[in-house]
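Close look at the chain arrangement
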Amino acid sequence: MKICLFGAGSKNIDKKFLDFGYQLGKMIASHKHTLVFGGGNDGMMGSVARGCYENKGKIIGIMPEWMGEFEELFDKCDEIVYTKTMDERKLKFIDVSDLFIISPGGIGTLDEFFEVLTLKKVKSHEKPIIILNIDHYYDKLLSMFNEMIELGFVPEKDKMMFIVTTNIEETIKIITN
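Presented here is a report on the structure given in the accompanying data block.

What counts, and where the lines are drawn
- Per chain, residues are indexed from 1 in the order of the written sequence.
- Residues qualify for local features only when their pLDDT is at least 70, as the model is predicted, and side-chain atom pairs are given and counted only at 80 or more; totals for whole chains, interfaces and linings, by contrast, use all residues.
- Think of the side-chain values as coming from all heavy atoms in the structure, minus any hydrogens and water.
- Partly exposed residues are those whose accessible area sits between 20% and 50% of the maximum for their type, while under 20% is buried and over 50% is exposed, using a 1.4 Å probe and protein chains only.
- Counting from the N terminus, the helices are the DSSP runs of H or I reaching at least four residues and the strands are the DSSP runs of E reaching at least two.
- By arc we mean the arc of the directions from the helix axis to the C-beta atoms, nothing more.
- When checking whether two residues touch, look at their non-hydrogen atoms; a contact exists if any pair is within 4.5 Å.
- Two N or O atoms count as a polar contact when they lie within 3.5 Å, although within protein this holds only if one can serve as hydrogen donor and the other as acceptor, and sequence-adjacent residues are included solely when both atoms are side-chain atoms.
- Any two of the Phe, Tyr and Trp rings considered here, Trp counted by its six-membered ring, make a pair once their centres fall within 6.5 Å; the pair's planes then place it as stacked at under 30 degrees, edge-to-face at over 60, or tilted in between.

1. Digging into helix α6 (residues 168–176)
Listed in full, the buried residues belonging to α6 are I168, T171, I172 and I175. Buried residues of α6, viewed axially, fall in a sector of 95°; they line one side. Those residues of α6 that are exposed and angled more than 90 degrees off the buried face are E169 and K173. Where α6 is buried, its residues touch β1 (2–6), α1 (15–30), β5 (99–102), β6 (129–132) and β7 (163–165). Of the residues that open α6, the one with a side-chain oxygen 3.1 Å from the backbone nitrogen of E169 is N167.

2. Here we look at the environment of P64
Its location among the elements puts P64 in strand β3 (residues 58–64). By relative accessible area, P64 is classed as buried at 1%. Each C-alpha atom, one on P64 and one on D42, is 17 Å from the other, the two residues being 22 residues apart in sequence.

3. Describing the packing of aromatic side chains
Enumeration over the complete set of coordinates arrives at 9 aromatic pairs. On the numbers, 5.0 Å between centres and 50° between planes, the contact of F113 with F114 is tilted. With relative accessibility at 3%, the residue F113 sits in the buried group. F114 gets classed as partly exposed once you look at its relative accessible area, which sits at 37%. Considering the side-chain rings of F145 and F162, the 5.1 Å spacing of their centres and the 75° angle between planes classify their relative orientation as edge-to-face. Taken together, the residues F145 in helix α5 (residues 139–150) and F162 in the loop between α5 and β7 connect sequence positions 17 residues apart. Here F145 matches F162 in class, with each residue buried.

Here it is in structure tokens:
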């Protein structure tokens, strides 16, 4: 299975997230899945990629041709797919991946999450989306989603478009089922 990870590329995040990311990458490799990610060397992206690489997992990086100007790239990918734009990159993620994991991240991660969620809503794909709510990182986002439902902006059934997990065991159980 090709598992797409969306997550932070920041060097400034707490070690607990990085450690979790490494273990997630290790889990992806140990279950013989392929990691698909944005190609960054730092943050959640880099930690998951290192965990996967150091445990003999396969890694596909998808990035715009100019991404190296903004961040250091993970240089141990088995395959690198270059795109011209960020929009093309997101569509490539959707095209090649079987499942999406939304790990803690910033603006880019939220953009990627809302892209796959919106496209799932309009039936462009039926792939699972897992929000990995490490240490309550996404509690406020999930609360906002519930408020949007309560106020009638989002149908209740839209909560079924994604699954929330808080640990690696729950996440792998969903992936394997």
